[in-house]
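# Observations on chain architecture
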Amino acid sequence: MKTIIITIITLLILSLTTFGQGYFQVNSEVKLTELNRKLEVGRLIPKNHELIRDGKGKMFIKSTLHVNDSLPSHVLVRISELDGNLIKEIDTKYVWDDLDFFFSTSYINNRKFIIMARRGAFYIINLSTNILIGPIHLISRIECAQDGQSGLIWTQEVFNDGQYLILSAIDEGIYCFNLDDIYNPFD
């Protein structure tokens, strides 16, 4: 019995060590020197795993050692100090392969937040609390996408002392959101 418990503990430690090592594939990064922060969006690819598509639009990490082991590959946001000390890692629960995430406009004043956009939606990261808000989905104004770029958010601006966010999405038009309560934005 003691041998079985020691074996189980050893396997758990080895699996945690194996899974915990690897690299973070960064797709977008921004440095906010006034806050001593760096934000990165990407995917964690553990040691002995590879990033794969399922053919239906979702991403997975698959073990290169154990053929049948795979897990969804969620998009993560890493918040760290400029010297590299990790402050927080946030799981967006987003697993699709069209990784169009990017950091866009930020507002650093009485309220501190940054907008992170992706196709058809955006997020707000409250930089005072390191809380991810969203996704806030855009209501589509077209019946059918024109091409592979449709729905991409490409311009954003925060104005009126952080009260409003205006953004434009390809083939969708312009949207304006009230950010008086950044936890409950509305258009």
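Throughout what follows, the structure given in this document is the object of discussion.

Cut-offs used in this document
- Residues numbered from 1 in each chain as written.
- Predicted model: local features only at pLDDT ≥ 70, side-chain atom pairs only at ≥ 80, totals over all residues.
- Heavy atoms only, no water.
- Helix = DSSP H or I, 4+ residues; strand = E, 2+ residues; numbered from the N terminus.
- Contact = heavy atoms within 4.5 Å.
- Core = buried A, V, L, I, M, F, W, Y, C linked by side-chain atoms within 4.5 Å.
- Buried < 20%, exposed > 50% of the residue type's maximum accessible area, 1.4 Å probe, protein only.
- Pairing = 2+ DSSP bridges.
- Axes fitted to C-alpha atoms, helices over the stretch in contact; angles between N-to-C directions.

## Notes on the environment of L39
Structurally, L39 can be placed in strand β2 (residues 37-46). For the pair L39 and E29, spaced 10 residues apart in the sequence, the C-alpha separation amounts to 5.6 Å. With near-sequence residues (within four places) excluded, L39 lies in contact with S28, E29, V30, L32, R78, I79, F103, I114, I125 and L127.

## Some words on the nonpolar core
F113, F122, I124, L138, L165, L167 and F177 are the most contacted members of the largest nonpolar core, which totals 18 residues. Elements with a contribution of two residues or more to this core: β9 (112-118), β10 (121-126), β11 (131-137), β12 (153-159), β13 (164-169) and β14 (173-178). Here F113 is in contact with S106, Y107, I124, I125, N126, L127, V158, G162, L179 and I182, once residues within four sequence places are set aside. Counting residues in hydrophobic clusters, the runner-up holds 17 residues, among them V75, V77, Y123 and I125.

## Examining the sheet that holds β11
An order of β8-β9-β10-β11 is seen for the 4 strands of this open sheet, with the pairing classed as antiparallel. Because the sheet does not close on itself, it has two edges, and the strands there are β8 (102-108) and β11. The sheet shows a mean angle of 20° between the axes of neighbouring strands, taken without regard to direction. Examined bridge by bridge, β8 and β9 share 5 bridges and lie antiparallel to one another. The residue bridging F103 from the neighbouring strand is M116, located in β9.

## What about the pairing of β2?
When you tally the buried positions in β2, you get 9 out of 10 residues, the bulk of the element. In this sheet, β2 lies alongside strand β1 (residues 22-32) in antiparallel orientation, the contact comprising 10 bridges. If you follow Y23 over to β2, its bridge partner there is I45. Between β1 and β2, which pair antiparallel one after the other, the connecting turn spans 4 residues, and N36 there sits at a positive phi close to 55°. When β2 meets strand β6 (residues 76-81), the two strands line up antiparallel, connected through 6 bridges. Bridging across to β6, K38 finds its partner in S80.

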